[in-house]
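Working through the structure, step by step
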Amino acid sequence: VQLQASGGGLVEPGGSLRLSCVASLGAFSRYTVAWFRQAPGQEREFVATIRYSGTTLYADSVKGRFTISRDNAKNTVYIQMNSLNPDDTATYFCAADRGIIYSSLTIAEQYDYWGQGTQVTVSS
């Protein structure tokens, strides 16, 4: 099982990026896929998740600015990030799990599969 995250880069404050997470998972449509991020010296932080049903959940810090979506035909989950600010600078990881329950959606340790991370830097 592999998750491949991509799309990171350097962007100015107020800019946008779209990250992609491609999964080599059988029955991908049955998986919940999430994005977490980790800044240097910080703990890994929940960003957003999308369940197999399409239900989404966002961290308060990104609500209204980030949008998570999925294309099951392409085994891919996206996160569109708008109005980026320096506090969004981090390595972004995608994670997947098939049996995760709703109350655990924001907990990194509850996800079984992880990608390698893609760096997002917001700076002028």
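Residues numbered from 1 in each chain as written. Predicted model: local features only at pLDDT ≥ 70, side-chain atom pairs only at ≥ 80, totals over all residues. Heavy atoms only, no water.

Time to look at the state of the cysteines. Overall, the coordinates contain one disulfide when judged by the stated rule. Bridging Cys21 to Cys94, the disulfide has an S-S length of 2.2 Å. The disulfide joining Cys21 to Cys94 has a torsion of about 70° about its S-S bond and is therefore right-handed. Of this pair, Cys21 sits in strand S3 (residues 17–23) while Cys94 is found in strand S9 (residues 90–97), placing the two residues 73 residues apart along the sequence. Under the relative-accessibility criterion, Cys94 is labelled buried at 0%. (Disulfide = S-S within 2.5 Å. Helix = DSSP H or I, 4+ residues; strand = E, 2+ residues; numbered from the N terminus. Buried < 20%, exposed > 50% of the residue type's maximum accessible area, 1.4 Å probe, protein only.)

Trp35, Val47, Phe66, Ile79, Met81 and Tyr92 are the most contacted members of the largest nonpolar core, which totals 38 residues. For this core, the element with the most residues is S9, which contributes five residues. Those residues in contact with Phe66 that sit more than four places away from it in its chain are Arg37, Val47, Tyr58, Ile79, Gln80, Met81, Asn82, Leu84, Asp88 and Tyr92. (Core = buried A, V, L, I, M, F, W, Y, C linked by side-chain atoms within 4.5 Å. Contact = heavy atoms within 4.5 Å.)

We now examine the environment of Ser83. When you line up the elements, Ser83 lands in the loop between strand S8 (76–81) and S9. We classify Ser83 as partly exposed; its relative accessible area is 43%. In sequence terms Ser83 and Gly115 are 32 residues apart; their C-alpha atoms lie 25 Å from each other. The contacts of Ser83, once residues within four sequence positions are left out, are Gly14, Gly15, Ser16, Arg65 and Asp88.

What follows deals with the pairing of strand S5 (residues 45–50). The element S5 is largely enclosed, with a buried count of five among its six residues. Bridge count between strand S4 (residues 32–38) and S5: five bridges; the pairing is antiparallel. Following the sheet pairing, Trp35 is matched in S5 by Ala48. The pairing of S5 with strand S6 (residues 56–58) spans three bridges and is antiparallel. Following the sheet pairing, Thr49 is matched in S6 by Leu57. Hairpin connection from S5 to S6: five residues lie between these consecutive antiparallel strands, with Gly54 at a positive phi of about 95°. (Pairing = 2+ DSSP bridges.)

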